[in-house]
Each structure stands twice: as C-alpha cells, then as structure tokens.
Amino acid sequence: MRLGVRQKLVLLSLLILVVVSFTFTAVQLDLTRTWREEDLRDRAVIFAREMAATIGDRHELESGALIDRKIHQIMAVRPSVLQLDIVRLPPGGGAVVATSEPAHRLPFTPADEVAVRGGAVLSRLLTDAGGRSWEVMAPIRLDGAVAGAVAARFSLNRFDAREARSRTVAFWLTAISVLVMGLLMTLAVHGVVNRPIERFARAMRGAEAEPVAVTSNDEFGALARRFNDMIARARERLFAMQRDLSHAERLALSGRIVAEVAHEIGTPLHSVMGHLELLREDLPPLAVSETIERRLRVIESQLGRLREIIDRLLDLTRRSPQPAVPVDVNGLVQETVELVRPAVAAARLELSVEADPGVPRLLAQRSELQQVVLNLLTNALDATPPGGAIRVATRARGDEVEVEVADTGCGIAAPELKRVFDPFVTTKDPERGTGLGLFICAQIVHDHGGRIDVASEEGRGSTFRVVLPLERVAVSAQGAHP
C-alpha cells in the first residue's frame, strides 16, 4: 500500500512521540524510584538513631530482658522492620544483647563495628531471596562514648510492589496519551496539511488553473501566493502566445493576399510601363516640352518603384528553399563588401572589415545569407553621412558565429527601434525604401535557427548583430567550396 504525505507525517510523528514519551517516562520512573529508596534509607537511619536514643544507661544496655520487650513492642507496630539487633561494643569485641531473630545475626563485619565506634552511621542496600532491604547500624552513645549499636533491617517489598504497579500504570497512561495525541495530530494534519493540498488540487483540476484562496500567513499561504503569481504569469504568457499566433496567422493570410494582389497588379503594371515607353517613342520630339519630359520621368520612376515593391513582395512570399551548403562566412562577407565598395567610395565613407580567422564554415543557404549581409550594408550606407564609417566584423563565440555590421550614421529613434523588423517599417525617405529589407533579413536568419539584434542611439549610429548557431557547422572546411 502506498502511503500519502498525511499518513507518512502522522506515522513519523507517532514514532517520534512513542520513543520520546516512553523514554522520558522510564527515566522519570527510575529517578523517582531512586529518590524514594534514598528517602526510605533516611527513614531507616532516623529510626535506628531514635532507637539508640531510647537506651539511657549502661544498665539498660546490658539488661537483655528489658531490651527484648522493647524490641518486640517495636516489631509489633512496624511490620516493615524485618530484624532488630542491639549490640554492645566493649573494647574486646561486639556482642548481641538482644535480637528479634536469635537464629540469625545481621551481617555487620568487624570493620563495620570499628566504623560505628568512630561515630559513623552505616547503611547498605541488600538483595536476597526475600527481596530487597535496607540494613542500617547506628551508634549508641552513653556518657559521651559509643557503648553499643542498633542494627536494623527494613524490607522494601511493599515499596517495590507499589513501584511495579506505578510503573505499569505510568506506561499505560503514556500509551493512552500517545494514542490520543496521535488522533489529535491526525485531525491537525488533516486541517493544516490536507485542506490546503486539496485546495491546490481543486485549483489544478479544471481546464484552466484557478487561483488558490489564501487563508493563512504560513508556508501554505506563501505557497498559495506564489502559485497564484505563477498562474497569473502563465496566463499572461498564454495570452501573449495567443496574440503572437493570431498575429502570425494574420501575417500568413496577409502574405497570401499580398502574393495574389502583387501577381494581379504585376501584369497591368508591366503593360502600363510598356505603353509608357511606346508613348515616349510615338511623341514627336518637338511636342515633348521640358514639363512633359519631367512628368514622364516622374511617372516612370514611380512605376519603377512600384514594380520594385511588387518584386520584393513576390520574392518574400514565394521564396523557394535552397540546398544548404558549407559556407565560408569570412569569404561571404568579403565578397559582399566588394560588391558595395564602389558605392561606399562614391559616398565618401570608410569601410573596414574585421574577420576572425577562427570562424568555422556554416551549413547554410549561401545566397540568402549574402542577401542578409548585403541588406545590412545597404542600410548602413544609406544611413551614414559623408565622412562616416562602416565596420563589418565576424567572430566565433562559443557555440555561435556572429556577423556584425556597425555604422556611425543617424541611428534609430527608440520608438521605432522596437518595430524595426516589422514589415513596411522604414526610417528612410519614401522614395528610397519600402520597409521590407530588415523584415526579410529577420525571416532568413530565423529560418537558419539564429537571431538578429540591433543596438542604436539616435545621432550616433547603429549596430546590427546576426547570430547563427553552430549546430549547422559543416563537417570539414577541407575541400568545401562556397
């Protein structure tokens, strides 16, 4: 049978209670028994001294008949006294003057008699077939000297019988108290432990976890508050995931709609551009004034921009997967830098490359990674005024590869920085950008299992960092061609 927390807690508490209770009861009984034995010894010594004090002179000490009557009187009223001896202690050796047991003398040795002559009171605890007893010996003083001694033996049988009954009753009372405390502990555990656990179980049984009622300030109350906080955070994250999923679904739907619209607009747009060229050819040169020429150029440029947007939308929505090949990141960056170097020189900018030779080859789609680097360089070129600088760096960081493009351009304002990777968001002039470049970069990097970060300060430049995981590292750089 599998025990629950409640049963384990009750059984463990009962075990501790049984051990502690019975141990303390046994110790208390032993201490009480010792104290009572010492009290009986003191009473025996006092009795022996009182008996010695009743002998007033040497004549009485030597008169055996008189002392015998006194001994029998005392034995009749004191059943606990088993034997009583009156001993005379002349210089030559002790002699029993009177005794309650003529056939048996109390076993006091000559050494004991010497100690009594010195005024000492002797006592010892004996155990024999008749049970336990205290034997005491007290001196009889006459005329300032020890003339004899009173030797007595006191039975402890009645005391031992009462002690055994007391011990039995004490252990039974302890056992009953343990059972009662165990029952009370069971009820207490049910109220203190089971009920809060049941509240947690009820809160978690529903389709959605419900908050737990906080009814105390103990550990369960703190746990309930932490649980409620966790539920609140989980709901917030769930709502955020639902919003993100809804946003992703809307983006997917928008992508399909955009692809359809772009495809439908593309055909008449090409037709308009073709007829514009034909119109330019059909017009007589003398009929084309400067104003008409300017307007034709405006129409042609805006049609070209519209075609560029349509083409990018189509590229975004119908990107076909390409095979992953080992890509030399440093070589890819250097090749892309050479593509934009003429434009950089024309814009009077400084372009530097910091390539880490330890960067390994990545298993990736080369053309798409090149598109990412090219878009980042183009953005840096557009954002940096003459005299500025653009820096491209590659490095290996643990299990990741980083490609960093930094510029000293105008930077990005904080409100726009959060939306810089959203589609159709751009800081460029309308005629210079569509807001799709960084969105495409983010999609490509995400498809490669990486991430793209940006740090920017308005007026001081921006730094874009592409981080790609090394799970896609090629097997070997030997013999692999980009």
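This is a predicted model, so every value here is computed, not measured. (Residues numbered from 1 in each chain as written. Predicted model: local features only at pLDDT ≥ 70, side-chain atom pairs only at ≥ 80, totals over all residues. Heavy atoms only, no water.)

## Brief notes about the confidence of the model for the chain
Per-residue pLDDT for the chain averages 79, and the proportion of residues at 70 or more is 80%. Predicted confidence in the chain is weakest over helix H6 (residues 219-282), with a mean pLDDT of 70, and strongest over strand E10 (residues 400-407), with 93. Low pLDDT, under 50, characterises residues 473-482; the stretch is placed with 18 contacts to residues that sit more than four places away or in other chains. (pLDDT = per-residue confidence, 0-100. Helix = DSSP H or I, 4+ residues; strand = E, 2+ residues; numbered from the N terminus. Contact = heavy atoms within 4.5 Å.)

## Details of empty space enclosed by the protein
Throughout the structure, instances matching the rule amount to three cavities of 30 Å³ or more. Empty space within the largest cavity amounts to approximately 90 Å³. Along the walls of the largest cavity sit Val329, Leu332, Val333, Leu362, Leu369, Val372, Val373, Val403, Val466 and Leu468, which together make up its complete lining. When residues of the lining of the largest cavity are traced back to their parent elements, those giving at least two are helix H8 (329-346), helix H9 (366-383) and strand E12 (461-469). (1 Å grid on protein atoms, 1.4 Å probe; cavity = no way out; pocket = protein on both sides within 12 Å on 5 of 7 lines; lining within 4 Å. Points joined across faces, edges and corners; volume = space filled by probe spheres on them.)

## A look at the packing of aromatic side chains
Evaluated as defined, the whole model comprises three aromatic pairs. Judged by centre distance (5.2 Å) and plane angle (90°), the ring pair of Phe47 and Phe154 falls under edge-to-face. In this pair, Phe47 is assigned in helix H1 (residues 5-53) and Phe154 in strand E5 (residues 145-155), connecting sequence segments 107 residues apart. The residues Phe47 and Phe154 share a single accessibility class, namely buried. (Phe/Tyr/Trp six-rings, centres within 6.5 Å; stacked < 30°, edge-to-face > 60°. Buried < 20%, exposed > 50% of the residue type's maximum accessible area, 1.4 Å probe, protein only.)

## Details of the pattern of salt bridges
This structure, assessed with the given rule, holds 22 salt bridges. For Arg124, the salt bridge goes to Asp112, with nearest N and O atoms at 3.2 Å. In this pair, Arg124 sits in strand E3 (residues 122-128) while Asp112 sits in helix H4 (residues 110-117), placing the two residues 12 residues apart along the sequence. The exposure class assigned to Arg124 is partly exposed, which follows from its relative accessible area of 24%. Overall, the relative accessible area of 14% leaves Asp112 in the buried class. Between Arg391 and Glu404 there is a salt bridge, and its shortest N-O distance comes to 2.8 Å. Taken together, the positions of Arg391 in strand E9 (residues 389-397) and Glu404 in strand E10 put the pair 13 residues apart, joining distant regions of the chain. Given the relative accessible area of 5%, Glu404 is considered buried. (Salt bridge = Lys/Arg side-chain N within 4 Å of Asp/Glu carboxyl O.)

## Thoughts on helix H11 (residues 437-447)
Burial of H11 is extensive: eight of the 11 residues sit out of reach of the surface. For H11, every residue scored as buried is listed here: Gly437, Leu438, Phe439, Ile440, Cys441, Ala442, Ile444 and Val445. One or two positions beyond H11, positive phi appears at Gly449, with a value near 80°.

## Focus: H9
Because each turn of an α-helix spans 3.6 residues, side chains separated by three or four positions in sequence point in the same direction. Its 18 residues place the ends of H9 26 Å apart at the C-alpha level, agreeing with the 26 Å of an ideal helix rising 1.5 Å per residue. Every buried residue of H9 is listed here: Arg366, Glu368, Leu369, Gln370, Val372, Val373, Asn375, Leu376, Leu377, Ala380 and Leu381. (Expected span 1.5 Å × (residues − 1).)

## A few points about the side chain of Thr99
Its location among the elements puts Thr99 in strand E2 (residues 95-99). One polar contact links Thr99 to Asp85, side chain to side chain, over a distance of 2.3 Å. From its side chain, Thr99 meets the backbone nitrogen of Glu101 in a polar contact 3.1 Å long. Aside from chain neighbours lying at most four places away, what touches Thr99 is Asp68, Ile71, Gln83, Leu84, Asp85 and His104. (Polar contact = N/O pair within 3.5 Å; in protein donor to acceptor, adjacent residues only side chain to side chain.)

## Topic: the sheet that holds E2
The strand order across the open sheet built from five strands is E2-E1-E5-E4-E3, with neighbouring strands paired in antiparallel fashion. Two strands in the sheet have a free side with no partner beyond their single neighbour: E2 and E3. Strand-to-strand twist across the sheet, computed as the mean angle between neighbouring axes with direction ignored, equals 25°. Strand direction decides the pairing type here: strand E4 (residues 131-142) and E5, joined by 10 bridges, are antiparallel. By the bridge assignment for E5, Glu135 is matched with Arg153. (Pairing = 2+ DSSP bridges. Axes fitted to C-alpha atoms, helices over the stretch in contact; angles between N-to-C directions.)

## Quick notes on the nonpolar core
Among the nonpolar cores identified, the biggest contains 37 residues, and Leu376, Leu377, Ile452 and Val466 are the most heavily contacted of them. Counting only elements with at least two residues in this core, the list comes to H8, strand E8 (362-364), H9, E9, E10, H11 and E12. Formed by 23 residues, the second largest nonpolar core is a distinct cluster that contains Ile71, Ala98, Ala147 and Ala152. (Core = buried A, V, L, I, M, F, W, Y, C linked by side-chain atoms within 4.5 Å.)

## Topic: a nonpolar patch on the surface
A contiguous nonpolar surface patch, about 840 Å² in accessible area, is contributed by Val169, Trp172, Leu173, Ile176, Val180, Leu183, Leu184 and Leu187. Along the chain, the position of Val169 falls in helix H5 (residues 157-205). (Patch = residues over 30% accessible without salt bridge, like charges linked within 9 Å, V, L, I, M, F, W, Y side chains within 5 Å. Areas by Shrake-Rupley, 256 points an atom, 1.4 Å probe, with all protein chains shown as cover.)

## Let's talk about the packing of H8 against H9
The contact between H8 and H9 brings their axes to 10 Å, and the two run at 35°. Relative to H9, the crossing made by H8 is right-handed. Contacts between H8 and H9 involve Leu332, Glu335, Thr336, Val337, Leu339, Val340, Ala343 and Val344 from the first element and Arg366, Leu369, Gln370, Val373, Leu374, Leu377 and Leu381 from the second. Here the contact of H8 with H9 is built from residues that sort into 11 nonpolar, two polar and two charged. (Left-handed = near helix turned anticlockwise from the far one by under 90°. Nonpolar A, V, L, I, M, F, W, Y, C, P; charged D, E, K, R; others polar.)

## A closer look at the sheet that holds E9
Working definition: the strands of a sheet are paired by backbone hydrogen bonds and lie parallel or antiparallel to each other. A sheet is described by the order of its strands in space; here five strands give the open sequence E7-E9-E10-E12-E11, paired in mixed fashion. Every interior strand has two partners, whereas the edge strands, strand E7 (350-355) and strand E11 (451-457), have only one. Averaged over all adjacent pairs, the angle separating strand axes in this sheet is 10°, with direction ignored. With eight bridges connecting them, E9 and E10 associate as antiparallel partners. In the sheet register, Val392 faces E10, and the bridge partner there is Val405. Strand contacts of H9: E9, E10, E11 and E12, with the helix running at about 25° to E10, the strand carrying the most contacts.

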